[in-house]
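Residue-level listing of the chains:
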Amino acid sequence: DQQVKQNSPSLSVQEGRISILNCDYTNSMFDYFLWYKKYPAEGPTFLISISSIKDKNEDGRFTVFLNKSAKHLSLHIVPSQPGDSAVYFCAASANSGAGSYQLTFGKGTKLSVIP
Amino acid sequence: DTEVTQTPKHLVMGMTNKKSLKCEQHMGHRAMYWYKQKAKKPPELMFVYSYEKLSINESVPSRFSPECPNSSLLNLHLHALQPEDSALYLCASSPGHINQPQHFGDGTRLSIL
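Now for a description of the structure that goes with this document. Everything numeric in this text was worked out from a predicted model, so none of it was measured.

### Considering the overall build of chain B
The helix and strand tally for chain B stands at zero helices and eleven strands. The secondary structure elements of chain B, listed N-terminal to C-terminal, are β-β-β-β-β-β-β-β-β-β-β. Radius of gyration (C-alpha) of chain B: 13 Å, near the 13 Å computed for a compact globule of 113 residues. Considered along the principal axes of its C-alpha atoms, chain B spans approximately 40 × 25 × 20 Å. Across the 113 residues in chain B, those meeting the buried criterion constitute 46%. For chain B, restricting intrachain contacts to residue pairs at least 6 apart in sequence, the fraction spanning at least 24 positions comes to 53%. In the structure as shown, chain B presents an accessible area of about 5,600 Å², 50% of it carried by carbon and sulfur atoms. In chain B, which carries 12 positive and 10 negative side-chain charges, the distance between the mean positions of the two groups comes to 6 Å.

Structure below.
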């Protein structure tokens, strides 16, 4: 049973426009959510995170929104740049308070930013 | 540049070989992780070390044997692997405090002949 779902395998956006990547989860015990970006032949790179006590976190061009009642989070990238083209993974954890924790990943969304 | 270093980047081995994957971080992180990623799939957790002690083993076969010699190093010893074990093996670390992200290395691409 997939606990973290990214239902869009791919997304194409024009340079300068907003990219919105979506993620849904089923486990109500998840309390910490992260977005990672992955280029081919590299490991996942941490982008931004949000804890369940917040509904928004912003870092430069990247903003993550969390809707706990809908069990939904989204990553907004604005403005989108060609260098943002990569696979984006949503991840969640249920026991971040322990210091070490298990991440459950979605299947990823491949973002293509068209110049 | 990643701050989690994994060696080797690529490894080809036969099913009877014994080899080790290595991971190193110098960020003072106290939790370290091994993940396995198959093509077009998300990473799947294998092991978690917290303060140099194994805290999570996700029912991984005994042909994979983790070791944490000190807080900066994490090894994965491989023996008698199967062709289906071919994958990208990712190491990650996190500070060990609440709500701190895991940081990943670039992985070791493992091929079993």
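### Details of the nonpolar core
By size, the foremost hydrophobic cluster in this structure holds 23 residues, and its most contacted members are Phe-33, Trp-35, Leu-73, Leu-75 and Tyr-88 of chain A. Those elements that provide at least two residues to this core are β3 (19-25), β4 (32-38), β5 (45-51), β7 (62-67), β8 (72-77), β9 (86-93) and β11 (109-114) of chain A. Looking at this core, the element that brings in the most residues is β9 of chain A, giving four residues. Apart from residues no more than four positions distant in its own chain, Leu-73 of chain A is found in contact with Leu-21, Asn-22, Cys-23, Tyr-25, Phe-33, Trp-35, Val-64, Phe-65, Leu-66 and Cys-90 of chain A. With 22 residues, the next largest nonpolar core counts Met-13, Cys-23, Tyr-49 and Leu-110 of chain B among its residues.

### As for the packing of aromatic side chains
What the rule picks out here adds up to 14 aromatic pairs over all chains. With a centroid separation of 5.9 Å and 70° between ring planes, the pair formed by Tyr-36 of chain A and Phe-46 of chain A is classed as edge-to-face. With Tyr-36 of chain A in strand β4 and Phe-46 of chain A in strand β5, this residue pair connects regions lying ten residues apart in the sequence. Linked through ring pairs, Tyr-32, Tyr-36, Phe-46, Phe-89, Tyr-101 and Phe-105 of chain A together with Tyr-33, Tyr-35 and Phe-104 of chain B together constitute an aromatic cluster.

### A short note on the state of the cysteines
Residue and element names in this part refer to chain A. On inspection of all chains with the given rule, the structure shows two disulfides over all chains. Through a disulfide, Cys-23 is tied to Cys-90; the S-S separation comes to 2.1 Å. What sets the handedness of the Cys-23 and Cys-90 disulfide is the S-S torsion sign, and at about -75° it is left-handed. Here the residue Cys-23 occupies a position in strand β3, and Cys-90 occupies one in strand β9, the gap between them amounting to 67 residues. Summarising the burial analysis for this pair, Cys-23 and Cys-90 share the class buried.

### Some words on the sheet that holds strand β6 (residues 56-59) of chain A
All names here are of chain A. An order of β1-β3-β8-β7-β6 is seen for the five strands of this open sheet, with the pairing classed as antiparallel. A strand with exactly one partner marks an edge of an open sheet, and here the two such strands are β1 (4-5) and β6. Judged from the six bridges that link them, β7 and β8 form a sheet pairing that is antiparallel. Across the sheet, the residue bridging to Val-64 is Leu-75, located in β8.

### Structural notes on the interface of chain B and chain A
Taken residue by residue, the interface counts 26 residues in chain B and 21 residues in chain A. Contact between chain B and chain A buries roughly 1,800 Å² in total, counting both sides, with carbon and sulfur atoms accounting for 57%. Counting every contact that joins chain B to chain A gives six residue pairs in polar contact (both at pLDDT 80 or more). Elements with a minimum of two residues in the side of chain B that touches chain A: β4 (31-37), β5 (44-50), β9 (87-94) and β10 (103-104) of chain B. Top contributing element to the side of chain B that touches chain A by residue count: β4 of chain B, with four residues. Residues belonging to the side of chain B that touches chain A are distributed by class as follows: twelve nonpolar, eleven polar and three charged.

Basis of the calculations
Residues numbered from 1 in each chain as written. Chains lettered and ligands numbered in written order. Predicted model: local features only at pLDDT ≥ 70, side-chain atom pairs only at ≥ 80, totals over all residues. Heavy atoms only, no water. Helix = DSSP H or I, 4+ residues; strand = E, 2+ residues; numbered from the N terminus. Rg over C-alpha atoms; globule rule 2.2 N^0.38 Å. Buried < 20%, exposed > 50% of the residue type's maximum accessible area, 1.4 Å probe, protein only. Contact = heavy atoms within 4.5 Å. Areas by Shrake-Rupley, 256 points an atom, 1.4 Å probe, with all protein chains shown as cover. Lys, Arg positive; Asp, Glu negative; His and termini not counted. Charge placed at Lys NZ, Arg CZ, Asp CG, Glu CD. Core = buried A, V, L, I, M, F, W, Y, C linked by side-chain atoms within 4.5 Å. Phe/Tyr/Trp six-rings, centres within 6.5 Å; stacked < 30°, edge-to-face > 60°. Disulfide = S-S within 2.5 Å. Pairing = 2+ DSSP bridges. Buried area = accessible area lost by both parts, 1.4 Å probe. Polar contact = N/O pair within 3.5 Å; in protein donor to acceptor, adjacent residues only side chain to side chain. Nonpolar A, V, L, I, M, F, W, Y, C, P; charged D, E, K, R; others polar.

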